[in-house]
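Close look at the chain arrangement
The residues making up each chain are set out below.
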Amino acid sequence: MSSPNDYIPILIQAVVALGFVVTVLVVTHILGPKLRGKKKDANWECGIEEVGNARFPVSVRYFMTAILFVLFDVEVIFFYPYAVNFHELQLDGLWAVMLFVGLFLTGFFYVLKKGALEWEK
Amino acid sequence: MGKVEVVNGVETFNGEGFQLAMLDKVIAVARANSVWPLPFATSCCGIEYMATMGTNYDVARFGMERMSFSPRQADLLIVAGTISKKLAPILKKVYEQMAEPKWVLSVGACASSGGIFDTYSVLQGIDRVIPVDVYVPGCPPRPEQIIEGIMNIHRLVKHESLRRRYSDEYKHLLTKYNLNEDE
């Protein structure tokens, strides 16, 4: 029978392994020779002065169209297993799919009314 | 007792199950055989350097197959081609962002002296903006000449002290070229 005490060597080994890695990482940062400078530590490294800010608002029109396409694309994929089992599922299956499509259509009309697909606006 | 052997230019003392060598010599040889170049190729010398990289001349033989297009991981800046005055600050910043130890190989007449372009727009030698270690003459130089330049770089690498960046000589060089300074 093994007791929890038998696993203490494994625990010690894990601590030593982790401790070695952390110690070496810290020691290299302290002992390693280094020269720093404002230009040297700059993020951009192609040599050209950076201009402006990368965080500015962009138009979401394309994103809306793309994400809606993905939604309805996935909806169509769900039809395939239903089409294969059309006869076995009978009327219950039809109601389930109608509910599924109905939910999607509600969302679709909401999106249309909100004007998410009007490109020229 | 053991005996002294010279392996790859490094003196080693061999005994039963151990081998002793000077750490700085071992590091120098390791550095010299794994110089990662940053090709700053702007014109026809760049084409010659591409031939040097290719299978016929094959700089990979010297542990240089890994071209670094980030200055952070580069050891050797190979400037091959005409550097206009407009490009000079870019070259300087790329050099500044390289980590020590770093070396510069100036390939061809244009990079070394401006070459035939003795005009208002062309930098008359890259040593006006960054320190250069080895100059390769030619317009453009053949790959053999570029390889000889690389061999000379290797000779410098093998003899560079590990803490050169802290030396007064190096600090003087940085001040002279106005490098690593906060403006």
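In this convention, every chain numbers its residues from 1, walking through the sequence in written order. To read the labels, note that chains go from A and ligands from 1, taken in the order they are written. Only residues with pLDDT of at least 70 get local features here, since the model is predicted, and only at 80 or more are side-chain atom pairs given and counted; chain-wide, interface and lining totals rely on the full set of residues.

1. As for the overall build of chain B
Comment: elements are numbered from the N terminus, with helices defined as DSSP H or I runs of at least four residues and strands as E runs of at least two. When helices and strands are tallied, chain B shows six helices and seven strands. Sequence-ordered secondary structure for chain B, helices as α and strands as β, is β-β-β-α-β-α-β-α-β-α-β-α-α. If you line up chain B on its principal axes, its C-alpha atoms span 70 × 45 × 25 Å. In chain B, which comprises 183 residues, the proportion classed as buried is 32%. If you take every contact in chain B between residues at least 6 apart in sequence, the share linking residues at least 24 apart comes to 74%. Exposed residues have 12 or fewer other C-beta atoms within 10 Å of their own C-beta, buried residues have 20 or more, and residues in between are partly exposed; the C-beta atoms are placed from the backbone. Residues are defined as contacting one another if the C-beta atoms placed from their backbone atoms lie within 7 Å.

2. Details of the sheet that holds strand S3 (residues 18-21) of chain B
Two strands in a sheet stick together by hydrogen bonds in their backbones, pointing the same way (parallel) or opposite ways (antiparallel). All names here are of chain B. Being paired, for any two strands, means DSSP has found at least two bridges between them. With antiparallel pairing, three strands are arranged side by side in an open sheet as S1-S2-S3. Either end of the sheet is taken by a strand with one partner, and the two such strands are strand S1 (3-7) and S3. The mean inter-strand angle of the sheet, taken between neighbouring strand axes irrespective of direction, is 35°. The pairing of strand S2 (residues 10-15) with S3 spans four bridges and is antiparallel. Within the sheet, the bridge partner assigned to threonine 12 lies in S3 and is alanine 21. Comment: axis = line fitted to C-alpha atoms, over the contacting stretch for helices; angle = value between 0 and 180 degrees taken between N-to-C directions.

3. Thoughts on the environment of Glu96(B)
Relative to the helices and strands, Glu96(B) resides in helix H3 (residues 88-96). Note: C-alpha distance between Glu96(B) and Tyr166(B) (70 residues apart in sequence) is 16 Å. If near-sequence neighbours (up to four positions away) are discounted, Glu96(B) is found in contact with Gly37(A), Lys39(A), Lys40(A), Leu179(B) and Asn180(B).

4. Some details on the confidence of the model for chain B
Detailed reading of the predicted coordinates is not advisable wherever pLDDT is low. Looking at any residue, its pLDDT shows the predictor's confidence there, from 0 to 100. On average, chain B scores 89 in pLDDT, and the residues at 70 or more come to 98%. The complex model carries a pTM of 0.73, and its ipTM stands at 0.70.

5. Some remarks on the interface of chain A and chain B
With nine residues of chain A in contact, the opposing surface of chain B contributes 15 residues. Classes in brief: Ala, Val, Leu, Ile, Met, Phe, Trp, Tyr, Cys and Pro nonpolar; Asp, Glu, Lys and Arg charged; the others, Gly included, polar. Residues that form the side of chain A that touches chain B fall into these classes: three nonpolar, two polar and four charged.

6. Considerations on the pairing of strand S5 (residues 76-80) of chain B
All names here are of chain B. Buried residues dominate S5, accounting for five of its five residues. Neither face of S5 is exposed, since Leu76, Ile78 and Ala80 on one face and Leu77 and Val79 on the opposite face are all buried. Sheet topology places strand S4 (residues 37-41) next to S5; five bridges connect them, and they run parallel. Of the residues in S5, the one forming a bridge with proline 39 is isoleucine 78. In this fold, the crossover linking S4 to S5 by way of helix H2 (residues 44-53) has left-handed handedness. Where S5 lies against strand S6 (residues 103-107), five bridges are found, and the strand directions are parallel. When the sheet's bridge partners are listed, leucine 77 is paired in S6 with valine 104. Seen with the strands pointing away from the viewer, any crossover whose path from the first strand over the helix to the second strand runs clockwise is right-handed.

7. Observations regarding the packing of helix H1 (residues 23-32) of chain B against helix H5 (residues 143-158) of chain B
Residues and elements named next belong to chain B. Where H1 meets H5, the closest approach of the two axes is 8 Å, and the angle between their N-to-C directions is 160°. With respect to H5, the element H1 is oriented roughly antiparallel. With respect to the hand of their crossing, H1 and H5 are arranged in right-handed fashion. Together, Ala28, Val29, Arg31 and Ala32 of H1 and His154, Val157 and Lys158 of H5 make up the contact between the two elements. Residue composition of the contact of H1 with H5, grouped by class: four nonpolar, one polar and two charged. The labels follow the angle: roughly parallel below 35 degrees, roughly antiparallel above 145, roughly perpendicular from 65 to 115, and oblique for the rest. The handedness criterion is simple: a crossing whose near helix is rotated anticlockwise from the far helix by less than a right angle is left-handed, and one whose near helix is rotated clockwise is right-handed.

8. Quick look at the pairing of S1(B)
Of all the five residues making up S1(B), zero are buried; the element is thus mostly uncovered. What sits between S1(B) and S2(B) in their antiparallel hairpin is a turn of two residues, with Asn8(B) showing a positive phi close to 55°.

9. Some details on the sheet that holds S4(B)
All names here are of chain B. Strand order in this open sheet of four strands is S4-S5-S6-S7, and the pairing throughout is parallel. Two strands bound the open sheet, and with one partner strand each, they are S4 and strand S7 (134-136). Looking at each pair of strands side by side, their axes are set apart by 15° on average, direction ignored. Strands in contact with H2 are S4, S5 and S6; relative to S4, the strand with the most contacts, it is inclined by about 145°.

10. Considering the nonpolar core
Here is a general trend for soluble globular proteins: nonpolar side chains tend to be buried in one another's company. In this structure, Leu76(B), Leu77(B), Ile78(B), Val79(B), Leu91(B), Leu105(B) and Val107(B) are the most contacted members of the largest nonpolar core, which totals 37 residues. The contacts of Leu76(B), once residues within four sequence positions are left out, are Val35(B), Trp36(B), Pro37(B), Leu38(B), Trp103(B), Leu105(B) and Ile153(B). We call a set of buried Ala, Val, Leu, Ile, Met, Phe, Trp, Tyr and Cys residues a nonpolar core when their C-beta atoms link them within 7 Å.

11. Digging into unusual backbone geometry
Excluding glycine, residues mostly have negative phi values, and the peptide bonds linking residues are mostly trans. With an omega of -10°, the peptide bond running from Glu100(B) to Pro101(B) counts as cis. Mapped onto the fold, Pro101(B) is located in the loop between H3 and S6. A cis geometry characterises the amide bond from Cys139(B) onward to Pro140(B), with omega recorded as -10°. For Pro140(B), the position within the fold is in the loop between S7 and H5. Non-glycine residue Gln90(A) carries a positive phi angle of around 55°. Within the element layout of this structure, Gln90(A) appears in helix H3 (residues 86-114). The backbone phi angle of Asn178(B) is positive, close to 60°, even though this residue is not glycine.

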